[in-house]
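Topology and contacts: notes
Take a look at the letters that make up each chain.
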Amino acid sequence: MKILLTGGAGYIGSHTFVALRQASFEPVILDTFANSHPAVVQRLETITGQPVLLERGDVLDTPWVESVLRQHQPVGVVHFAGDKAVGESVAQPLKYFHNNIGGAVSLLRAMTAVHADGTVPTAPTLVFSSSATVYGDPASVPITEDFPRSHTNPYGHSKLVIEDMLTAVRAANPAWRVGTLRYFNPVGAHPSGLIGEDPAGIPNNLMPFVAQVAVGQRPCLSVYGNDYPTPDGTGVRDYIHVVDLAAGHVAALQALLNRGESFTVNLGTGRGNSVLEVIKAFEAASGCPVPYQFAPRRAGDVAQCYADAALAKELLGWQAHLTLDQMCADTWRWQSNNPMGYRM
Ligand code: NAD
Ligand code: UFG
């Protein structure tokens, strides 16, 4: 049972590759390596003990994606490919509308073509990487899937448009089976320390920045805001271990393939942790100090964002198990074994 992973060489895609292999699927990576490194392929072969099926190319190239689908005949597709930096999306909105929305249109057209002509005989089955960003600034927490959606930047806007596009495609052809997964804050790394998050340049996100401070690559963390209406004044997020998140994709595919019903679910732990709690947990896991200073709030940040994770448990039988301490320990193993990421 082949599964095509667009963007499968990236952070979440590579961990999902491992989880799918362990569940006896045969994942195939489709990636340009625009935001990943070819060295991940060798690492995945070491972890799984099997060769990696790789198609190097662009999801925007519809005829080529069609040919990949015809060749591999996957029973399902997970669409990770896209750009994800919020700040960059504000500076370069067209990059995000082109690659994220254009990439989804291209993939959906290619899937439509190969299913319409019978080349791939199973029902079109897609899992889409959405984000808690579609909840904008939530009125309350925890967030359930029926909360109103909004966007505050072009990245978030692209996720909203793709969610709506998927609804329209399903309305036009009810044979489509679509699982929309709204991730909260993915962190951590595979326990082998061989694969992990490898951001280019200065990390935007908290956990990779904390890890680089702990390893001594950066002198100090700026904590953006200590006057939020939260227990310690710093921002609260639902950090989820990427290994739990990867298992959520396996559960989503199994639900789509076995039951055939579409769904939209949050993938989070249902718990929130503050920035100061993350720093403390990381210091304990690494044994290294993480110097920090308070800085003004970052534009666009919300005070609190965490999931109500009940629907994923009910529909997929999935829930997150790994703790913040394990997220920090696994991030630290990856960071300290690979201080330059995959570029060594
Ligand atoms: P990532 O950048 O590590 O992985 C994305 C992969 O897609 C990269 O390997 C990149 O080379 C590839 N790619 C980009 N454009 C492509 C194209 N046109 N054709 C083929 N490949 C292309 O990102 P990630 O953290 O693994 O995120 C995966 C998905 O999950 C993204 O859609 C992202 O928006 C979504 N998401 C991520 C987070 C997060 O915090 N990491 C949170 C919510 C949602
Ligand atoms: N933070 C700092 N210092 C830093 C980086 C972050 O204090 O150097 C704080 C932020 O202010 C926030 C928390 O750490 O309170 C988490 O910030 P991240 O940037 O790690 O994560 P966000 O919740 O802001 O954003 C993430 C993804 C977005 C996505 C959003 C909602 O990066 O793509 O979750 O799902 F849109």
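One can find the structure itself at the top, above this paragraph.
Residues numbered from 1 in each chain as written. Chains lettered and ligands numbered in written order. Predicted model: local features only at pLDDT ≥ 70, side-chain atom pairs only at ≥ 80, totals over all residues. Heavy atoms only, no water.

**Remarks on the site of ligand 1**
Near ligand 1 you find 26 residues, and of these Asp31, Asn35, Ser36, Lys84 and Tyr155 are the closest. Residue Ser36 places a side-chain N or O atom 2.7 Å away from an oxygen atom belonging to ligand 1. Protein coverage of the free-state accessible area of ligand 1, which is 820 Å², stands at 94%. Of all the elements in the fold, those that place two or more residues in the shell around ligand 1 are α1 (11-22), β5 (125-131) and α6 (154-172). With 3 residues, β5 is the single largest residue contributor to the shell around ligand 1. Residues that form the shell around ligand 1 fall into these classes: 11 nonpolar, 11 polar and 4 charged. (Near = heavy atom within 4 Å. Polar contact = N/O pair within 3.5 Å; in protein donor to acceptor, adjacent residues only side chain to side chain. Areas by Shrake-Rupley, 256 points an atom, 1.4 Å probe, with all protein chains shown as cover. Helix = DSSP H or I, 4+ residues; strand = E, 2+ residues; numbered from the N terminus. Nonpolar A, V, L, I, M, F, W, Y, C, P; charged D, E, K, R; others polar.)

**Thoughts on the packing of α1 against helix α2 (residues 39-48)**
Packing of α1 against α2 brings their axes to within 11 Å, and their N-to-C directions diverge by 25°. Between α1 and α2, the angle falls in the class roughly parallel. Considering the relative orientation of α1 and α2, their crossing is right-handed. Along the contact surface, α1 presents Ser14, Phe17, Val18 and Arg21, while α2 presents Val40, Leu44, Ile47 and Thr48. Grouping the amino acids of the contact of α1 with α2 by side-chain chemistry returns 5 nonpolar, 2 polar and 1 charged. (Axes fitted to C-alpha atoms, helices over the stretch in contact; angles between N-to-C directions. Parallel < 35°, antiparallel > 145°, perpendicular 65-115°, else oblique. Left-handed = near helix turned anticlockwise from the far one by under 90°. Contact = heavy atoms within 4.5 Å.)

**Looking at the sheet that holds strand β1 (residues 2-6)**
Strands sit in the order β3-β2-β1-β4-β5-β6-β11 across an open sheet of 7 strands; the sheet is parallel. The open sheet is flanked by β3 (53-56) and β11 (263-267), the only strands paired with a single partner. On average, adjacent strands in this sheet sit at an angle of 20° to one another, irrespective of strand direction. Pairing analysis gives 5 bridges linking strand β6 (residues 177-183) to β11, with the strands arranged parallel. Within β11, the position partnered with Tyr183 by the bridge is Leu267. Helix-sheet contacts for α6 involve β5 and β6, and the interaxial angle to β5 is about 155°. Packing of helix α8 (residues 242-259) onto the sheet brings it into contact with β1, β4 (76-79), β5, β6 and β11, and relative to β6 it is tilted by some 160°. (Pairing = 2+ DSSP bridges.)

**A short note on the packing of aromatic side chains**
Two aromatic rings are characterised by how far apart their centres lie and by the angle between their planes. Counted according to the given criterion, the structure contains 6 aromatic pairs. Pairing Tyr96 with Tyr155 gives two aromatic rings, centres 6.5 Å apart and planes at 90°, and the pair type is edge-to-face. Linking Tyr96 in helix α5 (residues 93-116) with Tyr155 in helix α6, this pair joins segments that are 59 residues apart in sequence. On the basis of relative accessible area, Tyr96 is assigned to the buried category, the value being 0%. Residue classification places Tyr155 among the buried residues on the basis of a relative accessible area of 11%. Three or more aromatic residues link up through ring pairs in this structure, and these residues are Tyr135, Phe147 and Phe184. One residue, Arg218, lies across the ring of Phe209, its end atom 5.8 Å from the ring centre. (Phe/Tyr/Trp six-rings, centres within 6.5 Å; stacked < 30°, edge-to-face > 60°. Buried < 20%, exposed > 50% of the residue type's maximum accessible area, 1.4 Å probe, protein only. Lys NZ or Arg CZ within 6 Å of the ring centre and 35° of its normal.)

**Digging into the pairing of β5**
Extensive coverage of β5 is indicated by the burial of 7 of its 7 residues. Residues Thr125, Val127, Ser129 and Ser131 of β5 are buried on one face, and the alternating residues Leu126, Phe128 and Ser130, pointing to the opposite face, are buried as well. For β5 and β6, the ladder comprises 7 bridges, and the chain directions are parallel. Pairing of Leu126 across the sheet is with Val178, part of β6. Of the crossover connections in this fold, the one passing from β5 over α6 to the parallel β6 is right-handed. (Right-handed = clockwise from strand over helix to strand, strands pointing away.)

**Points about helix α7 (residues 206-214)**
Every α-helix carries 3.6 residues per turn, so stepping three or four residues along brings you back to the same face. Of all 9 residues in α7, 9 are buried; the element is thus mostly enclosed. By the burial criterion, the buried members of α7 are Leu206, Met207, Pro208, Phe209, Val210, Ala211, Gln212, Val213 and Ala214. Check the buried side of α7 and you find it contacts β7 (185-187), β8 (221-224), β10 (239-241), α9 (275-286) and α11 (324-337). Positive phi shows up at Gly216, right after α7, with a value of about 95°.

**Some details on the environment of Ala320**
Summarising the element assignment, Ala320 is placed in the loop between α10 (310-316) and α11. As a C-alpha pair, Ala320 and Pro74 span 246 residues in sequence and 27 Å in three-dimensional space. Discounting residues that sit within four places of it in the chain, Ala320 has contacts with Ile240, Asp244, Gly268 and Thr269.

**Re the side chain of Ser106**
Looking at where Ser106 falls in the secondary structure, it is placed in helix α5. Under the relative-accessibility criterion, Ser106 is labelled buried at 3%. Within the structure, Ser106 has its side chain in polar contact with the backbone oxygen of Val59 (distance 2.6 Å). Discounting residues that sit within four places of it in the chain, Ser106 has contacts with Val59, Leu60, Asp61 and Thr62.

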